[in-house]
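Report on the structure
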Amino acid sequence: MKNLKKAIYAIVFACTLSSFFQCASPKVATTNFEKQTPFTVKPVVFQEWYAGIKVGGTGINVFVPVSNVNDGVVLNEVYFRNLKGKLVKNGNKYTAVLKNPSRNYTFQKAEKPADYPFELKDNECVISYLENGQAKYHKIVSLNEVAGTYYENGPPSIYSRSSTNSMATLDDDVDEN
């Protein structure tokens, strides 16, 4: 009888305790993607790369051509194939260099970090931006791939590029005279 009484108390205690603590829902379920953005995104292009020196590794360049960006809007980051990179303005497009943490010289998809906020297909990416100080996300469901490239002297840097780089460009970048 004592054991039955202890079991009942344990069940009541467990039920009461579980009502106070709810399981946290994953960030993926709570993310609302913006369908209308305060800017226009042209087709997004990506390019896989690998570096020639041992510490170079592999990664992906992502090119996000945008226009008509409203005041108070700042594009921040891009999430693609379990990688995240800072978007840097380069003319009329934004560029991000996503470095794969793996030392392997193959174009394998990176392992998903525990804190990665999205569940994306291989041809989808998410652009994060601030609109009047509020963080928002826009999902792009179809990216175009261009031929991969080889960087002889190590991984590319989006912060210092020479005038002669071997990164892919978009057709819109070519002057037709």
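The following paragraphs examine the structure supplied in this document. (Residues numbered from 1 in each chain as written. Predicted model: local features only at pLDDT ≥ 70, side-chain atom pairs only at ≥ 80, totals over all residues. Heavy atoms only, no water.)

Counted residue by residue, strand β7 (residues 93–99) has six buried out of seven residues, so it is predominantly covered. Pairing geometry for strand β3 (residues 58–67) and β7, over seven bridges, is antiparallel. Following the sheet pairing, Pro65 is matched in β7 by Lys93. The pairing of strand β6 (residues 88–90) with β7 spans three bridges and is classified as antiparallel. Note that in β7 the partner of Asn90 across the bridge is Lys93. Between the end of β6 and the start of β7, which pair antiparallel, lie two residues, with Gly91 showing a positive phi angle near 75 degrees. (Buried < 20%, exposed > 50% of the residue type's maximum accessible area, 1.4 Å probe, protein only. Helix = DSSP H or I, 4+ residues; strand = E, 2+ residues; numbered from the N terminus. Pairing = 2+ DSSP bridges.)

In total, this model carries six aromatic pairs according to the counting rule given. Measuring from ring centre to ring centre gives 4.9 Å for Tyr79 and Phe118, while their planes differ by 75 degrees; the resulting arrangement is edge-to-face. Placement of the pair is Tyr79 in strand β4 (residues 73–80) and Phe118 in the loop between β7 and β8 (125–131), with a sequence separation of 39 residues. Its relative accessible area of 6% is what places Tyr79 among the buried residues. Residue classification places Phe118 among the buried residues on the basis of a relative accessible area of 2%. Aromatic rings pair up to connect Phe33, Tyr79, Tyr116, Phe118 and Tyr137 into one cluster. (Phe/Tyr/Trp six-rings, centres within 6.5 Å; stacked < 30°, edge-to-face > 60°.)

Strand order across the open sheet formed by four strands is β5-β4-β8-β9, with antiparallel pairing between neighbours. Each of the sheet's edge strands pairs with one partner strand only, and the pair in question is β5 (83–86) and β9 (134–140). Looking at each pair of strands side by side, their axes are set apart by 25 degrees on average, direction ignored. Bridge count for β4 against β5 is four bridges, and the pairing is antiparallel. Bridged to Tyr79 within β5 is Lys84. (Axes fitted to C-alpha atoms, helices over the stretch in contact; angles between N-to-C directions.)

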